[in-house]
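# Examination of the molecular architecture
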Amino acid sequence: MSPNSNPQALTHILVLKFLENHNYTSALEAFRQEAKEIIDEEQDNEQINEPLTTIIQDYLFNQLRSNVENISLERSIDDYLITPGDNKFPRYLCESFPQIHNNNILCVRTQTLPIRNFSDGEYQFSEIPTIITGSADKSIRLTSLLTGDTFNVCNNIHKGGILCMDFHPNYHRLVLTGSMDSTCALINITTLDVLQTFKDHLKYVVRARFSIDGNMIVTASYDHTINIYKVVNDESNPILSPTSPYTPLTPSTPNTPLPKYNKIHSTRFGGNIESMCFLPDNQYLVVGVRGDNYLHYINLTNFSDKKYNMNSNGDDWVSFTPMDISSSPRNRGKYLLVSTDDDNGRIILFRTHSSQQIYNFYDLEVIPNRKLTNPRHCWHPNGKYFFTFGVDSFIRVYDVTTKSIVHKLIGHKDIVRDIWFDQDRDLLISCGFDKTVKIWSVDDTTNQNSNSNSQLNGN
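Residues numbered from 1 in each chain as written. Predicted model: local features only at pLDDT ≥ 70, side-chain atom pairs only at ≥ 80, totals over all residues. Heavy atoms only, no water.

Within an unreviewed UniProt entry, the label attached to the protein reads WD40 repeat-like protein, and the organism entered is Rhizophagus irregularis.

Next up, the structure:
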C-alpha cells in the first residue's frame, strides 16, 4: 500500500474484498451503499494486494512474537526494577520561597557551602545548606535552605539568562554555569570570583556538566556543538584520580586550589543539542540531538561516536526528541532514562549501550503543544521512582515497577523549569516560571514547623 494512501479508505476496501470473497451478499450490498463515497476513492488502487485475513494473521504473529520477546526481556531485567519500592518519596510541600528572584527561575541546585563570617575580630567559616538559583534576570543567587533568606547575589557574569548549572563533584564551591549569551563560566560560589569564562559557542548553552571525576567539562549548545575541556595538569592544579569512578574523593577545604580547564575537543551534530549525561564509568558521554533518532555515545578517550537507534522498529523516522537523559542509580548506570517531547508524554528506559527499550512510560492526559515543552526528570536515589515535568505546573512521580504515575506534586502556579533531588536531606527542590522555589518533603510538615526545620537540616 502506498504510504500516501488514505488509511480509512484502504480499510474500507479490505473489508469490501473480504465480504466479496466470502459471499456475504446482503452485508456487501448494505456496505456498498453506506460507504460508497469512501470506497470510490480507492476502488482501483492496485497497491491493495493482500486480503484482510492475511493482514490479521500477520498482526497476530507479530503480537505473539512481541509477547515472547517481552517475556525474555522481563527475565533479563534487574530485580531492583521489578521489586516494589517503599512508597516513600517527597510528596508534601514543605516550604515555598517566592522572594528570591523577580523573574523566571531557570535552574536550581542545593549545596552545603562554607560561608565566611566575620566574628570576634577574625573570619570564620560555617557550613550552610544553600539553594543556588539561576534566573532569566541574569543573576545567580544564594539562599539559605533553612530560612529562605538570600545572602549573596552573583551579577554581571553573564549577559543572558542562566540556563544550566552544575557543581564540581569534589570542590563543592566550584560551580559551572551556561547562559543564553552563549558563554559558560567557572565560579567560586563562596567568594563569587569568576575563575574562567568560556566563549567557544555561538548560541545558547543549554547544558554544562562536570564529568564523574571532575577532570572534564562538557558544554552543549544550540550551535549544534559540544565542547570538551580537560583539567590542566600542572603542579598547582593536579588531576584528580579516585581509585574507581564510584570512590568518593577527599573533600576539599576553603584553601584548596581550584582546578582550571583547557578545551581539547569539539564535536558537531546535525541539530540543536538538547540533552547529555556522563555514564558512571566515566568513559562515555551520551548526547541527544533534535531532529535525530539516535542516541550518541561519545567515547571520552578517542571521541568516537557510536549511535544507537531510539526507534524500536529500527527505522529512521524522527517522531520525538530526547530532551533529557540520565543514567539509573543503584546499578552503575545499567539503564538510561530518556524524557521525550512525544505527544503522549513518552519517557523511555533503555538498556545502556543498546537500542533495547526496557520500559515505556506515558502521560495519557490530553496536553496540547508538547513539542514546545522542555520536559526534564530526576531519579529518586533508590531507583524505584523518578520525578518529571513538562508543559504544565505539575510534577509527576512515576513508579518504575508499575510503569505508572503514582502521585502529582501540586503547588507551582506556572510551568516548572527545573528540579533537583537533595540526597543529604531527602528533599525535592523545584523552580519555575512562577518565580518561586519550592521544597518537597517525604513527611507532611505543614503543621510541624520544628520537624520541618529538622528535615531541612538533614537530621
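Having seen the structure, we can now continue with the description.
## Topic: the side chain of Asn331
Structurally, Asn331 is set in the loop between β18 (322-327) and β19 (335-340). Residue class for Asn331 comes out buried when judged on its relative accessible area of 14%. Reaching out from Asn331, the side chain makes a polar contact with the backbone nitrogen of Lys334 at a distance of 3.4 Å. Excluding residues within four positions of it along the chain, Asn331 makes contact with Asp78 and Tyr80. (Helix = DSSP H or I, 4+ residues; strand = E, 2+ residues; numbered from the N terminus. Buried < 20%, exposed > 50% of the residue type's maximum accessible area, 1.4 Å probe, protein only. Polar contact = N/O pair within 3.5 Å; in protein donor to acceptor, adjacent residues only side chain to side chain. Contact = heavy atoms within 4.5 Å.)

## Remarks on the side chain of Ser327
Inspection of the secondary structure puts Ser327 in strand β18. On the accessibility criterion, Ser327 (16% relative accessible area) is buried. Leave out the neighbours within four places in its chain, and Ser327 touches Cys277, Phe278, Leu279, Pro280, Gly333, Tyr335, Leu336 and Trp379.

## Describing the environment of Pro259
Note on placement: Pro259 falls in the loop between β12 (225-231) and β13 (261-268). Between the C-alpha atoms of Pro259 and Lys230, which are 29 residues apart in sequence, the distance is 9.8 Å.

## Quick look at the pairing of strand β5 (residues 150-154)
Two strands pair when backbone bridges link them, and strand β4 (residues 140-144) and β5 are joined in this way by four bridges, in the antiparallel orientation. Considered in β5, the bridge of Leu142 is made with Asn152. (Pairing = 2+ DSSP bridges.)

## Observations concerning the UniProt feature "repeat: WD" (unreviewed entry) in the protein
Cross-referencing UniProt, the feature "repeat: WD" (unreviewed entry) maps to residues 198-231 and 409-450 in the present numbering. Across residues 198-231, helical content stands at 0% and strand content at 59%; the span's end C-alpha atoms are separated by 14 Å. (UniProt positions renumbered as here; feature names shortened; annotations may be inferred.)

## Considerations on the pattern of salt bridges
Applying the stated criterion to the full structure yields eight salt bridges. Linking Asp341 and Arg290 is a salt bridge whose minimum nitrogen-to-oxygen distance equals 3.6 Å. Here Arg290 lies in the loop between β15 (284-289) and β16 (294-299) and Asp341 lies in the loop between β19 and β20 (347-351), a separation of 51 residues in the sequence. By relative accessible area, which is 2% here, Asp341 ends up buried. Its relative accessible area of 29% is what places Arg290 among the partly exposed residues. One connected set of salt bridges, linked through shared partners, spans Glu274, Arg290 and Asp341. (Salt bridge = Lys/Arg side-chain N within 4 Å of Asp/Glu carboxyl O.)

## Focus on the sheet that holds strand β14 (residues 273-278)
Read from one edge of the open sheet, four strands run β14-β15-β16-β17, paired in antiparallel fashion. On the outer flanks of this sheet lie β14 and β17 (305-309), each paired with one strand and no other. Strand-to-strand, the axes of this sheet are offset by a mean angle of 25°, without reference to chain direction. Relative to β16, β15 runs antiparallel, the two sharing five bridges. Looking at β16, one finds that Val287 is bridged to His296. (Axes fitted to C-alpha atoms, helices over the stretch in contact; angles between N-to-C directions.)

## As for the sheet that holds strand β9 (residues 193-198)
Overall, antiparallel pairing links the four strands, which are arranged β6-β7-β8-β9 in an open sheet. In the strand order of this sheet, the two ends are held by β6 (162-167) and β9, each with one partner. Sheet twist, expressed as the mean angle between neighbouring strand axes with direction ignored, is 20°.

## Side note on the pairing of strand β25 (residues 404-409)
Pairing geometry for strand β24 (residues 395-399) and β25, over five bridges, is antiparallel. From the neighbouring strand, Tyr398 faces β25, where its bridge partner is Ile405. Between the antiparallel neighbours β24 and β25 lie four residues, among them Lys403 with a positive phi of about 60°.

## Brief notes about the packing of aromatic side chains
Inspection of the entire model under this criterion finds 12 aromatic pairs. With 4.9 Å between their ring centres and 55° between their planes, Phe89 and Tyr385 make a pair best called tilted. Taken together, the residues Phe89 in the loop between α5 (79-82) and β1 (92-97) and Tyr385 in strand β23 (residues 385-389) connect sequence positions 296 residues apart. Tyr385 shares its class with Phe89; the two are buried. Plain terms: the ring middles of Tyr359 and Phe361 are 6.1 Å apart, the flat faces sit at 90° to each other, and that makes the pair edge-to-face. For the pair Tyr359 and Phe361, one class covers both residues: buried. Pairwise contacts between aromatic rings join Tyr359, Phe361, Trp379, Phe386 and Tyr398 into one cluster. A cation over an aromatic ring shows up here: Arg91 above the ring of Phe89, its NZ or CZ 4.1 Å from the ring centre. (Phe/Tyr/Trp six-rings, centres within 6.5 Å; stacked < 30°, edge-to-face > 60°. Lys NZ or Arg CZ within 6 Å of the ring centre and 35° of its normal.)

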